Amino acid sequence: MSTQWNAEKLRGIWKRMIQRPLVGLDIGMSGLKAVELTSTSRGKRLVAYNRVPLPWGAITTEGEVKERDAVLSALKELFAFKGFSTKHVAVASFGSSIITKKITIERMAPAELKEQLYWEAEQYIPFPVAEVNLDFAILDTQTENAEQMEVLIVAAKKDFVQSLSGLLDEAGLKADVIDNPSFALGNAFEFNYSHAITGPTGVPPLSVLLDFGAGATRVSIVEGDKTTFTRDLRQCGMACTLMLSERLGLNLTDAEEAKLFDFEDEPVRVIIDEFNHALTDEVARTIDYVIGQNPERSVQGIYYCGGGSRLSGLVEELEAKLTAPVAPLNPVQNLAGSGRKMNAQAIRELRYLGSTAVGLALRASGDSE
Ligand SMILES: Nc1ncnc2c1ncn2[C@@H]1O[C@H](COP(=O)(O)OP(=O)(O)OP(=O)(O)O)[C@@H](O)[C@H]1O
Ligand SMILES: [Mg+2]
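Residues numbered from 1 in each chain as written. Chains lettered and ligands numbered in written order. Predicted model: local features only at pLDDT ≥ 70, side-chain atom pairs only at ≥ 80, totals over all residues.

As for its position among the elements, aspartate 211 is in strand β9 (residues 206-212). For aspartate 211, a count of 26 C-beta atoms within 10 Å corresponds to the buried category. Spatially, the C-alpha atom of aspartate 211 lies 9.4 Å from that of aspartate 232, the residues being 21 residues apart in sequence. In this structure aspartate 211 touches Leu185, Thr217, Arg218, Cys305, Gly306, Ser355 and Thr356, once residues within four positions along its chain are discounted. (Helix = DSSP H or I, 4+ residues; strand = E, 2+ residues; numbered from the N terminus. Buried ≥ 20, exposed ≤ 12 C-beta atoms within 10 Å, placed from the backbone. Contact = placed C-beta atoms within 7 Å.)

Given below as structure tokens:
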């Protein structure tokens, strides 16, 4: 299969039904995670999960691979784990190489929009349109003006897609699907929280998903089964480590250790508290911004995941400051068990680190319709 990300492949972001097994591969700033699921008569089962850390800086927050050899050897190590049945992957983009934007335009048929998309998109995306692949989803949201409709556009930089495909090829992997991490997260949410997707009244409920990563805190708004808004916040796991490093004069390794283990100690505690305030304020402002655009809507729930959500005091701060209920996003709660190769500790880890990889793995088994 060609690894060029063409328009058809982009469309696969939402709709693709792939019957062959695929491993969901999440290339995170702090490490690689891979998940494989299988369909059984009782539902989806976990076949395998593995994680391999990456040195900080191997991938930049812009999505550039700075240390190619380190990333290649981590990819090889990840797949050396015997549990995976295939080298075909559904992978998420990383960094700021894929952007999404919700726009309101004159109502038109999908075929017409497909033709006009590049003209429309030019004014909304920060890259020259010649350098990107574009796709769209027409949202079935209500607009004030019946002559208009809301459209989510997705722009992926061609050179990013090419270099990602090349990297995976070199590691002996095949990228069958390249997804946006926020859509993958939304997919994991949809699979596990169907009550939050349909809601009791027929009006799609509005949920907030928060992925506290090392390089970004990803905020997504899900309305019904569609991700309608995404934003990456500056405050993230690594920002906290950097703050500790600068304020306490520690190198990054020691600052990371202080964050994970010495969070009760006075100088560390004060800095983490300050970080938690700033991050929660940024999350609250983002949610207020989205609600401000839909004042008649309310948030039914806020779901968090990602390693950064384990930062001491963060969840308590979110619970205290945000007005909707806050709960962990458990990506494996709807799975019908796991294979023999999975131990309890791996499954515990998957709960907070694996949402994006599970969402990607679900692409393989047709759950993304
Ligand atoms: N117990 C903990 N307390 C505080 N922070 C933690 C803890 N465990 C992990 N982290 C932080 O979580 C981050 C890693 O989480 P995760 O694996 O979700 O990020 P990532 O997927 O690599 O990053 P990104 O999604 O931004 O690419 C790191 O910044 C790490 O310091
Ligand atoms: Mg991540």
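Resuming the write-up.
Taken domain by domain, the chain holds domain 1 (1-97 + 159-193 + 329-369) and domain 2 (199-328). Sorting the residues of the side of domain 1 that touches domain 2 by element identifies α5 (181-192), α11 (344-353) and α12 (355-362) as the ones contributing at least two each. For the side of domain 1 that touches domain 2, the element with the highest residue contribution is α5, accounting for seven residues. Here the residues of the side of domain 1 that touches domain 2 sort into nine nonpolar, eight polar and one charged. (Domains from an automatic or database assignment. Nonpolar A, V, L, I, M, F, W, Y, C, P; charged D, E, K, R; others polar.)

To continue, consider the pairing of strand β12 (residues 299-305). Every other side chain in a regular strand lies on the same face of the sheet, so the side chains alternate between the two faces. The pairing of β9 with β12 spans six bridges and is classified as parallel. Each bridged residue has a counterpart across the sheet, and for leucine 209 the counterpart in β12 is tyrosine 303. Bridge analysis of β12 against strand β13 (residues 326-328) gives three bridges, and the strand direction is parallel. The residue of β13 that forms the bridge with tyrosine 303 is alanine 327. (Pairing = 2+ DSSP bridges.)

Judged by pairing direction, the sheet is antiparallel, and its three strands sit side by side in the order β5-β7-β6 without closing on themselves. Each end of this open sheet is capped by a strand with a single partner; those strands are β5 (98-106) and β6 (132-139). Between one strand axis and the next, the sheet turns by 25 degrees as a mean value, whatever way the strands run. The sheet contact formed by β6 and strand β7 (residues 148-157) spans eight bridges and is antiparallel. Bridge pairing in β7 links isoleucine 138 to valine 151. The strands touched by helix α4 (residues 158-170) within the sheet are β6 and β7, with β7 carrying the most contacts at an inclination of about 50 degrees. (Axes fitted to C-alpha atoms, helices over the stretch in contact; angles between N-to-C directions.)

Take the pairing of β7 next. Counting buried residues in β7 gives seven out of ten residues, a clear majority hidden from the surface. Sheet analysis places β5 next to β7, joined by nine bridges and oriented antiparallel. Pairing of isoleucine 105 across the sheet is with methionine 149, part of β7.

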